[in-house]
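Chain by chain, the residues:
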Amino acid sequence: MSGRPFAVLLRKELREQARSMRLLALGLVFVFFGLASPLLAKLAPEIVKMVGAGQNVVIEIPEPTALDAVTQFVKNISQIALLVLVFLTMGAVVAEKERGTAVFVLVKPVSRLAFLAAKLLAFWLSTSAALILSALCAYSYTAILFTPPSPAGFSLASLLLLLHILTFVTTTFLFSTVARSQVAAGVLSFLIWILLASLGGLGAGSDFLPGALLSAAVTVALGGATPWQPIVGSVAIIVLSCGSAALAFRRWEP
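Remember, it's a predicted structure, so these values are computed and weren't measured experimentally.

### Here we look at a positive patch on the surface
Next up, step 1: A contiguous patch of positive charge, built from Arg4, Arg11, Arg15 and Arg19, is present on the exposed surface.
Next up, step 2: One can find Arg11 in helix α1 (residues 3–19).

Here you go:
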């Protein structure tokens, strides 16, 4: 994979993300949930009390803490924000195959591996930037509303959350490479998402699944130990997905 064509392709992908407003949309979604999560955690007891009062039911809710804010942040990013990412990623390769632009790029002195790697790295970079902004917003607002968590612990928790998200971004990219339509890529992505989530509570092997990174992120943010199993499992899924995508695209014939 030559360095110069790869750099040109990477700049092209990042430029297209900016021009199509996908980069802006992704950043806004992540920043919104970074700001909203601590606030939702803070207001949750009051909201529950208001609902209970309307039904003449008294509901006692413990005073929210930084743990609730971190838990809300991890939940929102790993569900709603990740859903947006899947929609943005599922057409990464298959859309270009459908439009015929992939053929146009590949007739130039560009390897198929460079073509795929530039696209995937662009998604990794934009996702990482969005999560960093979101985490900064979440930490700042959590520090204002609650006792601030350890900066080191929260940073490490954010890295675990990023790894969780990048795992599903990469599997979605794989399905975008092998599928024949964007709809098929999206359906396959959601199916693998549901499958891995449903396997989360089954036996010791579930410790290696990406879902275990979420509970680990909450624990680590408040000073807990960092488990190695879900990190190894998620990295293995990413490597396997990248290799499978490269092999499938090498065999693709326009």
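### Section: the packing of helix α6 (residues 112–145) against helix α10 (residues 229–251)
Next up, step 1: Between α6 and α10, the least distance of the axes is 9 Å, while the angle of their chain directions is 140°. By the angle between their directions, the pair α6 and α10 is classed as oblique. Taken as a pair, α6 and α10 cross one another with a handedness that is right-handed. Only Ile238, Cys242, Ala245, Ala246, Phe249 and Arg250 of α10 make contact with α6, whose side of the interface consists of Arg112, Leu113, Phe115, Leu116, Leu120 and Trp124.
Next up, step 2: Taken together, the residues of the contact of α6 with α10 break down into 10 nonpolar, no polar and two charged.

### Quick notes on the packing of aromatic side chains
Next up, step 1: Counted according to the given criterion, the structure contains eight aromatic pairs.
Next up, step 2: Ring geometry for Phe73 against Phe154: centres 6.0 Å apart, planes inclined by 25°, an arrangement best described as stacked. Taken together, the residues span a long stretch of sequence, with Phe73 in helix α3 (residues 66–89) and Phe154 in helix α7 (residues 151–178) at a distance of 81 residues. In this pair, the class of Phe73 matches that of Phe154, namely buried.
Next up, step 3: Clustering of aromatic rings is evident, with ring pairs tying together Phe87, Phe168, Phe190 and Trp193.

### So, the environment of Ala221
Next up, step 1: Assignment of secondary structure puts Ala221 in helix α9 (residues 212–221).
Next up, step 2: Counting along the chain gives 133 residues from Ala221 to Leu88, while the straight-line C-alpha distance between them is 29 Å.
Next up, step 3: Once you skip the residues sitting within four places of it in the chain, Ala221 turns out to touch Val70, Pro149, Ser150, Gly153, Phe154 and Ala157.

### Points about unusual backbone geometry
Next up, step 1: Positive phi values are uncommon outside glycine, yet Met21 reaches one of about 70°.
Next up, step 2: Structurally, Met21 can be placed in the loop between α1 and α2 (22–54).
Next up, step 3: For Met21, a relative accessible area of 46% translates into the label partly exposed.

### Considerations on the pattern of salt bridges
Next up, step 1: Enumeration according to the criterion identifies four salt bridges in this entry.
Next up, step 2: With a closest N to O distance of 3.2 Å, Lys12 and Glu13 form a salt bridge.
Next up, step 3: In this structure, Glu13 engages Lys119 in a salt bridge whose closest nitrogen and oxygen atoms are separated by 3.1 Å. One end of the pair, Glu13, is in helix α1; the other, Lys119, is in helix α6, and 106 residues separate them in sequence.
Next up, step 4: Judged by its relative accessible area of 5%, Glu13 is buried.
Next up, step 5: Through salt bridges with shared partners, a single network forms among Lys12, Glu13, Glu16, Glu96 and Lys119.

Basis of the calculations
- Residues numbered from 1 in each chain as written.
- Predicted model: local features only at pLDDT ≥ 70, side-chain atom pairs only at ≥ 80, totals over all residues.
- Heavy atoms only, no water.
- Patch = residues over 30% accessible without salt bridge, like charges linked within 9 Å, V, L, I, M, F, W, Y side chains within 5 Å.
- Areas by Shrake-Rupley, 256 points an atom, 1.4 Å probe, with all protein chains shown as cover.
- Salt bridge = Lys/Arg side-chain N within 4 Å of Asp/Glu carboxyl O.
- Lys, Arg positive; Asp, Glu negative; His and termini not counted.
- Charge placed at Lys NZ, Arg CZ, Asp CG, Glu CD.
- Helix = DSSP H or I, 4+ residues; strand = E, 2+ residues; numbered from the N terminus.
- Axes fitted to C-alpha atoms, helices over the stretch in contact; angles between N-to-C directions.
- Parallel < 35°, antiparallel > 145°, perpendicular 65-115°, else oblique.
- Left-handed = near helix turned anticlockwise from the far one by under 90°.
- Contact = heavy atoms within 4.5 Å.
- Nonpolar A, V, L, I, M, F, W, Y, C, P; charged D, E, K, R; others polar.
- Phe/Tyr/Trp six-rings, centres within 6.5 Å; stacked < 30°, edge-to-face > 60°.
- Buried < 20%, exposed > 50% of the residue type's maximum accessible area, 1.4 Å probe, protein only.

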